Amino acid sequence: IEDTTQQYELLRRLKPSVVQLEVAPHWTLGVPAYTQVTSPIRRYADLLMHQQLSTFLRTGRPLFPASKLQAHLFELGRRSALVRRVEQESRRFFALRFLEQNPGQVLIGTVLREVGKKTLFDLQPLALQELVLLKRRRAPGTVLRFEVVAADARADAIQLKELA
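If you're wondering where the values come from, they're calculated on a predicted model, not measured in any experiment. (Residues numbered from 1 in each chain as written. Predicted model: local features only at pLDDT ≥ 70, side-chain atom pairs only at ≥ 80, totals over all residues. Heavy atoms only, no water.)

> With reference to specific residues and values, describe the side chain of Asp-46.
Topologically, Asp-46 is positioned in helix α2 (residues 44–59). In this structure Asp-46 comes out as buried when scored by relative accessible area, which is 0%. In contact with Asp-46, other than residues within four places in its own chain, are Gln-36, Val-37, Thr-38, Ser-39 and Pro-40. (Helix = DSSP H or I, 4+ residues; strand = E, 2+ residues; numbered from the N terminus. Buried < 20%, exposed > 50% of the residue type's maximum accessible area, 1.4 Å probe, protein only. Contact = heavy atoms within 4.5 Å.)

> Now, about the layout of surface pockets: what can you tell me, with residues and values included?
Its volume calculated, the largest pocket comes out at about 1200 Å³. If you go around the largest pocket, you meet 33 residues; those closest to its centre are Ser-17, Val-18, Val-19, Gln-20 and Tyr-34. Sorting the residues of the lining of the largest pocket by element identifies α2 and α3 (66–101) as the ones contributing at least two each. Examining the composition of the lining of the largest pocket, we find that seven residues originate from one element, α3, more than from any other. Its residues placed into classes, the lining of the largest pocket shows 18 nonpolar, ten polar and five charged. By volume, the second largest pocket is sized at about 820 Å³. (1 Å grid on protein atoms, 1.4 Å probe; cavity = no way out; pocket = protein on both sides within 12 Å on 5 of 7 lines; lining within 4 Å. Points joined across faces, edges and corners; volume = space filled by probe spheres on them. Nonpolar A, V, L, I, M, F, W, Y, C, P; charged D, E, K, R; others polar.)

> Mind laying out the pairing of strand β2 (residues 118–124), listing which residues take part and the relevant values?
When you tally the buried positions in β2, you get five out of seven residues, the bulk of the element. Here strand β1 (residues 106–115) pairs with β2 via seven bridges, running antiparallel. Along β2, the bridge assignment pairs Val-115 with Lys-118. Hairpin connection of β1 to β2: two residues between the antiparallel strands, including Gly-116 at a positive phi of 65°. Sheet topology places β2 next to strand β3 (residues 128–132); five bridges connect them, and they run antiparallel. Its bridge partner lying in β3, Leu-123 is registered against Leu-128. Here β2 hands over to β3 after three residues, with Ala-127 in that stretch at a positive phi of 55°. (Pairing = 2+ DSSP bridges.)

> Before we move on, could you go through the sheet that holds β3 and cite the residues and values that matter?
Across the sheet, five strands lie side by side as β3-β2-β1-β4-β5; this open sheet has antiparallel pairing. In this open sheet, the two strands that pair with only one neighbour each are β3 and β5 (157–163). The sheet shows a mean angle of 45° between the axes of neighbouring strands, taken without regard to direction. In the sheet, strand β4 (residues 143–152) pairs with β5 via seven bridges, with the strands oriented antiparallel. Within the sheet, the bridge partner assigned to Asp-152 lies in β5 and is Ala-157. Contacts from helix α1 (residues 4–13) reach β1, β2 and β3, with the element oriented near 45° to β1. (Axes fitted to C-alpha atoms, helices over the stretch in contact; angles between N-to-C directions.)

The following block contains the structure:
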């Protein structure tokens, strides 16, 4: 999807993935059951599944009992969420650090949605999402230009000036 607001709304509506032991429908694909197992060198969950399947095929018994496998998957989910959060915060920090060192940059902002009295923008080319207080409301998809007045990566702050 090339439209920034459509892509944002689609991603916002997707349910987060869930790793579980029970058969369940896949919400996005609309199928009654779904499994994902890829190369065991890519993801730890795939390594666990490969070990579980290969042990079962060799011995007729699973390597891990369901409770132990569920505990592994729970911890994996917790750690994956932490890694995603650190990655997001790191990308934001270094984008703000760049702006801090290069004031006066002009960013193109696309309105994503209203959040209270502020407007959420996708700021390109750095792919920053930022809440901005505007003088008047703008419809999703509206594109505005902003000059970076100041940025402070450590304080996670950016000051923007709307350009005419």
